[in-house]
Each structure stands twice: as C-alpha cells, then as structure tokens.
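The residues making up each chain are set out below.
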Amino acid sequence: MPSIHEIANHAKENASKLGIKKFDIYGSTIDETSVQVDQGEPKQVKASNRSGVTVRVWNEENTMGVTSTTDVDPKGLELALKTAYEASFFGVKENVPDFSPEATVALPDTHQEKAPQAPVNELINSLLGAEKELLAAHEAITGVPYNGLAQRDIDRFYLNSDGATRTESHSLASIYLYSKTEEEGKKPRSGSAFRIERSLNNLDIQGCIQETAEKTISHLNYDKIKSGKYRVVFSPDAFLSLLGAFSNLFNAQSILDNQSLSKADDLGKEIASPLLSLYDDSLHPANIGAESFDGEGTPTRQVKLIENGVLKSFLHSAGTAKRMNTQPTGNASIGAKVSVSPNFYHVFAATLPEQDLSLDTAENVILIDDLQALHAGVKSLQGSFSLPFDGWLVNKGERSSIESATVAGDFLELLKSIVYVDKEEELTPSGVCPKIWVDQLSITGD
C-alpha cells in the first residue's frame, strides 16, 4: 500500500484536476495471519491482507457523496473521487455530514510500534501445544472444537482537504480456546477463555489454557436450579456483553433517530446505582489495540458516561455533536451515514460500599459467566432481556454448575439494583470491568 503522504498527494492532485474543493478519505490496511487446529492437526491457516478506503466529496451545493474502494493507486483514487462527486448530487439535504472540528487537533503521543510477526509454524505449534494440554487436563475433555491463534498488523489513516493528516499503526496477537466434555449419561459441558497482547511473545497462552480447563472442569458436576429471584453476580465478560446489547443508551445517533432508551434531556439523571461508574476510554492503558482517532479524524478520549450512577454524557460523531450543541467524542465511523459506537468500556466502583461482598462468604448467589443468544433474547428498545447463561450456584465459596437456566429482567432496573461492584478489574475483549452484583433477578431453571 502506498504511504499516507503519497495517498494524500495523489488525492490532492486528482481533486484539483477534477475541480473538487472539499473531500476527505479514511482508510485502513489489516495484515493478518490466523490458525486453527483440530485433534492434533492444523485445520485452517489463513493469511489475508485487506485494505480499503472510504472517500467523501462535497459539491458546490454542499451535499455529499460517498464511495469505497480497495484500490488506492492514483488511478483508483481518481475514480473514487469522481464517483463520490457524481453521487454528491443525490446526497441528503438535511444534516449533511461535515468535517470534524477536531480533525486537525494534535493527537496525544501514544507511541505504538508494530511487533515483528511470528512465522506461521510457530503459531501452529503454539496452538497444537495448547490443545494437547487442554485435552490432558481432564479425561472428560474430549475436544477443543473452537480455537484460534491470530496476529495482525493494522495501519489506519485519515486526511481531508483542510490539511488534516492522521496515521497510526499497531500490532495485536490473540488466542481463543473453547473446550467441550463428553461423559456417559451426562450432558456435554464447555468452557472458554480469551487473551490479547501486542505480540505473540507476550501472549499469556498458559493463562488461557488454565482458565479454559478450570471453567470446563467446574461445569462437570452440574445440577438443576429452582426458578425464583436470586442475587446474581455477573462476570466482567457477561456484564459488558449485556451493556453492549443496550449501548443505544449512550448513542447520540440512536437518540436523534428515536432508537434509544435515552432522551436528549436525560443527562444529569440518575440511571444506575451510585456505586457504578462507566467510562468509554479508548486510551485506557489496558486497551491493547487503542485507536487515537476515529473515522472522522476526531481524537479519541475518555468519555464519562455514568458517574456515581448519574448519566453524564453521550457518544458523539461530529454531526450528532453539532445537532446537540456539544463536542464530538471520537466514536464515529465514516460512511454514507456516519454511525457511532463505543471504543473501550471501563466500568469501576464509584464509591466504597458500606459492606464488602465476597463469593467466599455469600450464600445462594448465582455467578453468571457467559450470556448466550444476545441477538435473540434482547429487546434493545424496550430494555428487556431473557437470556440463557453458563454459570454456577455459589454457596460460601463452593460452586456447583447450573445445568441450564435463563436470566431475565429490565436493563434499566438492573442498573439501579446493583448492590456491589468488585474492586478487582479484569480485561475482556470489549473493556475493563469488575464483577457486578445485582439483587433480585429472575432466574428460570429447568
């Protein structure tokens, strides 16, 4: 792929040749190698190089056209600019997207170097070793049907005709393991874990194996559970997946489209227990793939969404910020319709609770490790959910696996029913979060 400066120069030359005064371009290249194994044999080895740019052009009447292309040589760019210019005459007349007012603001120096990529056979051998160790961890573990070890290099850039030029690169390595058991006369049980780091050398493969094995083995002795109201403890992963399912709560675009549980004037309202604070924080030190700017070139930042239970702000693109008379937050992706999404959640205890709660002493609480069927069991505009889960009934530190059950409730009520937020935070794929304790949730057993 040509360098960002070459692309910028080609774009400017082609734009002036075509008489285009206002345009911007966002692009990325992902160079990825991933492997999967099955019963001691490599199952799949994939190497891919994906690149693409999105070009937006405004005409003299200030309507905008958009086109995407994977071809960033001078000819490809010229064609993309031309197509976007032609499309601009059919663009929307109201709330036309514009450059972000912060596209030329200096970025914080995040200093991310790319890590050297490991050879493919090293990936395969590491994953085969992980599978072997998992199968040896317990005679009931008969397979690791889902697994993957991947490394990727990511380059991103944004530029516009007002002189904005942004570029960044980083590397990621990740491993996912999911093991399954088979025992005569018993239902198959499973457990999974995930790790992410900047390079394969630093990836905690051993920790991932151990966590997967422990979870899987802990589900072997399972029992039915009585339906009723329980105190429920959500694992960091489970809580963040539920939060993600209701992220319209903080999404300014959803609010403007009347597709949200929030209204524009809800800021300052208490929507959760005062024990809870929630930030969207792309630049959090634990965020391995931190991005320092969004699709519109706006710098990413820490956005305080909930503080001590109070709704403090929404996530904005340049367009939603203008319409709601505030600042963009660095959460936009570029396109014909600009969309807004969270970068990296940080959930933490806002205040010290009156009492410390612990799974070692708690009686009859349910620990939910993993929520399933999020696409089907969530009514995101009504706030309700009913979801099957993997978890344990915990009694004074003793865990017994739950055969099968669903948890149901109303998300806004759940936020207000939080009775404890653990101090210890854990890293998950979508953010950093502690265990969250919620009172009186409906559990339906068999």
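Treat the numbers as computed from the prediction; the structure is a model and nothing was measured. (Residues numbered from 1 in each chain as written. Predicted model: local features only at pLDDT ≥ 70, side-chain atom pairs only at ≥ 80, totals over all residues. Heavy atoms only, no water.)

(A) Fine view of the overall build of the chain. Counting its regular elements, the chain contains 8 helices and 23 strands. The C-alpha radius of gyration computed for the chain amounts to 24 Å, which stays within 12% of the reference 22 Å derived for 446 residues, consistent with globular compactness. Projecting the C-alpha coordinates of the chain onto the three principal axes gives extents of approximately 75 × 55 × 35 Å. Of all 446 residues assigned to the chain, the portion counted as buried reaches 50%. Taking as baseline every contact in the chain between residues at least 6 positions apart, the subset at least 24 positions apart corresponds to 71%. Summed over its atoms, the accessible surface of the chain is roughly 20700 Å², and 48% of this surface lies on carbon and sulfur atoms. Looking at charge distribution, the chain has the averaged site of its 41 positive side-chain charges lying 5 Å from that of its 62 negative ones. (Helix = DSSP H or I, 4+ residues; strand = E, 2+ residues; numbered from the N terminus. Rg over C-alpha atoms; globule rule 2.2 N^0.38 Å. Buried < 20%, exposed > 50% of the residue type's maximum accessible area, 1.4 Å probe, protein only. Contact = heavy atoms within 4.5 Å. Areas by Shrake-Rupley, 256 points an atom, 1.4 Å probe, with all protein chains shown as cover. Lys, Arg positive; Asp, Glu negative; His and termini not counted. Charge placed at Lys NZ, Arg CZ, Asp CG, Glu CD.)

(B) Looking closely at the sheet that holds strand β5 (residues 165-181). Strand order across the open sheet formed by 6 strands is β3-β2-β1-β4-β5-β6, with antiparallel pairing between neighbours. The open sheet is flanked by β3 (64-69) and β6 (190-197), the only strands paired with a single partner. Neighbouring strand axes in the sheet, compared pairwise and without regard to direction, differ in orientation by 15 degrees on average. Relative to β6, β5 runs antiparallel, the two being bridged by 8 bridges. (Pairing = 2+ DSSP bridges. Axes fitted to C-alpha atoms, helices over the stretch in contact; angles between N-to-C directions.)

(C) A look at the sheet that holds strand β9 (residues 276-281). Spatial ordering of the open sheet is given by β11-β10-β9-β14-β22-β21, a layout of 6 strands whose pairing is mixed. Of all strands in the sheet, those with a lone pairing partner are β11 (310-311) and β21 (426-428), marking the two edges. In terms of strand pairing, strand β10 (residues 302-307) meets β11 through 2 bridges, oriented antiparallel. The residue bridging Glu307 from the neighbouring strand is Val310, located in β11.

(D) The arrangement of the packing of aromatic side chains in detail. Throughout the structure, instances matching the rule amount to 8 aromatic pairs. The interplanar angle of 85 degrees and the centroid separation of 5.2 Å between the aromatic rings of Tyr85 and Phe89 together place this pair among those described as edge-to-face. Aromatic ring contacts, followed pair by pair, group Phe246, Phe385 and Phe411 into a single cluster. One residue, Lys186, lies across the ring of Tyr222, its end atom 5.6 Å from the ring centre. A cation over an aromatic ring shows up here: Arg399 above the ring of Trp392, its NZ or CZ 5.1 Å from the ring centre. (Phe/Tyr/Trp six-rings, centres within 6.5 Å; stacked < 30°, edge-to-face > 60°. Lys NZ or Arg CZ within 6 Å of the ring centre and 35° of its normal.)

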